[in-house]
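# Summary of the model geometry
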Amino acid sequence: MPARRIPFNAFGIPFGLAGLAGVWLTAARQGYASVVVGNVMAVAAAVTWCLVSLYFLRYAVDSPRAARQDAVDPILSPFASLFSIIPMLLSAVALAPYAHTSAVVLIDIFLVITFVIGGWFTGQWIYGPLEVANLHPGYFLPTVAGGFVAAASAGVVGQFQVARLMFGLGFICWVILGSMILGRLFFGPPLPPPLVPTLAIEVAPAAVATMAYIAAFGPQVDGMVVGLAGYGLLMVAAQVRLIPMFMKLPFFPSFWAFTFSWAVVVSAALYWIEQQRVPGARAYVYALLALLTLSYVALGIRTGVALARGHLFAASAPTNTASSGEQRAKRGHRQNDGEQQR
């Protein structure tokens, strides 16, 4: 029986679990939690990543043409980059303290894969061409998230030049893509409901850039870190205005976009609490851990219910938010150009 198609954003589930593991392991390093909790979550993330990866491999073997279409789908394809980002992150936060050499090998392998995937997507978006209406915050994943997570991972294992190289990649891509995506969100058509939860990704770049910067350049609160915090706080404040829109949505798998985004914000907050020696730090850390973990539990329950009912990936066909008229016009222009060349 052929494997049923599920969208690439299924990788958001192990990505979110890896983010939660990173938060708990950060809290453990600071003396606020047991390292066992973080390690258990890291194992859960790794197992989930393996299951999703194996399922996609079976699907690609059973339906190669459909898999190729998914790889160029303008809406869901950017989430495919999480395939290489997740093991890189887990190797840095969970494996490196126990098996440094193995962590270095895995990080280097998946860093190269992440770089290649980021280059492929950048070329694909140039070659496409890409409709502005199809842009959404998930487009940060291949190069911005990929670059920053690679930088943080390389820095953790002592590869500082590689970390700085990947930080530069992630930062420049953030500047370019961030302006394009915000321009589309400000002036373009509304996102379709299944993609609205990806707006939570907007809080992630500043926070993950912070973690990448301190891994690449050292733990310090300098002008760069303060500047990143300023933009990060703006994006967190902007999410408050979006709460009424989020509350009206039914459950979609894309709600997992909230998980890593807010996990990395909490990780950055823990760093600030530690660096600034905030009075009452323990209470703040426990409150952040409790709120974040309870949100994961609630989302996990909702995901389990949808999976049991067969609704989790019910609407998973490739989609395009650009209008059919725009697409026909684009195809017509390309056909005319081809005829003129001939």
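This report concerns the structure included in the present document. Owing to the predicted nature of the structure, the values given are computational and were not obtained by experimental measurement.

In contact at an axis separation of 8 Å, helix α4 (residues 82-95) and helix α5 (residues 100-127) are set at 155 degrees when each is read in the N-to-C sense. When the interaxial angle is binned, α4 and α5 end up roughly antiparallel. Viewed along their axes, α4 and α5 form a crossing whose handedness is left-handed. Residues Phe83, Ser84, Ile85, Pro87, Met88, Ser91, Ala92 and Leu95 of α4 pack against Ser102, Ala103, Leu106, Ile107, Phe110, Leu111, Ile113, Thr114 and Ile117 of α5. Of the residues assigned to the contact of α4 with α5, the class counts are 13 nonpolar, four polar and no charged.

Let us now look at the nonpolar core. Nonpolar side chains in soluble globular proteins tend to be buried together. By size, the foremost hydrophobic cluster in this structure holds 109 residues, and its most contacted members are Phe11, Phe15, Phe56, Phe148 and Trp174. In contact with phenylalanine 15, not counting residues within four places along its chain, are Leu82, Ile85, Ile86, Leu89, Leu141 and Phe260.

Mapped onto the elements, aspartate 222 comes out in the loop between α8 (204-217) and α9 (223-247). Among the residues examined, aspartate 222 registers a relative accessible area of 23% and is labelled partly exposed. The spacing of aspartate 222 and threonine 26 is 196 residues in sequence and 21 Å in space, taken between C-alpha atoms. Of the polar contacts made by the side chain of aspartate 222, one reaches the side chain of tyrosine 213; its length is 2.6 Å.

What follows covers the pattern of salt bridges. Pairing between side chains becomes possible if they bear opposite charge and their charged atoms approach one another. This structure, assessed with the given rule, holds two salt bridges. Here glutamate 274 and arginine 29 are joined by a salt bridge, their closest N and O atoms 3.5 Å apart. Here glutamate 274 is found in helix α10 (residues 257-276), whereas its partner arginine 29 is found in helix α1 (residues 12-29), with 245 residues between them in sequence. For aspartate 62, the salt bridge identified is with arginine 58, shortest N-O distance 3.6 Å. Remark: arginine 58 and aspartate 62 occur in helix α2 (residues 35-62); sequence separation between them is four residues, near one turn of the helix. Aspartate 62 gets classed as partly exposed once you look at its relative accessible area, which sits at 37%.

Cut-offs applied
- Residues numbered from 1 in each chain as written.
- Predicted model: local features only at pLDDT ≥ 70, side-chain atom pairs only at ≥ 80, totals over all residues.
- Heavy atoms only, no water.
- Axes fitted to C-alpha atoms, helices over the stretch in contact; angles between N-to-C directions.
- Helix = DSSP H or I, 4+ residues; strand = E, 2+ residues; numbered from the N terminus.
- Parallel < 35°, antiparallel > 145°, perpendicular 65-115°, else oblique.
- Left-handed = near helix turned anticlockwise from the far one by under 90°.
- Contact = heavy atoms within 4.5 Å.
- Nonpolar A, V, L, I, M, F, W, Y, C, P; charged D, E, K, R; others polar.
- Core = buried A, V, L, I, M, F, W, Y, C linked by side-chain atoms within 4.5 Å.
- Buried < 20%, exposed > 50% of the residue type's maximum accessible area, 1.4 Å probe, protein only.
- Polar contact = N/O pair within 3.5 Å; in protein donor to acceptor, adjacent residues only side chain to side chain.
- Salt bridge = Lys/Arg side-chain N within 4 Å of Asp/Glu carboxyl O.

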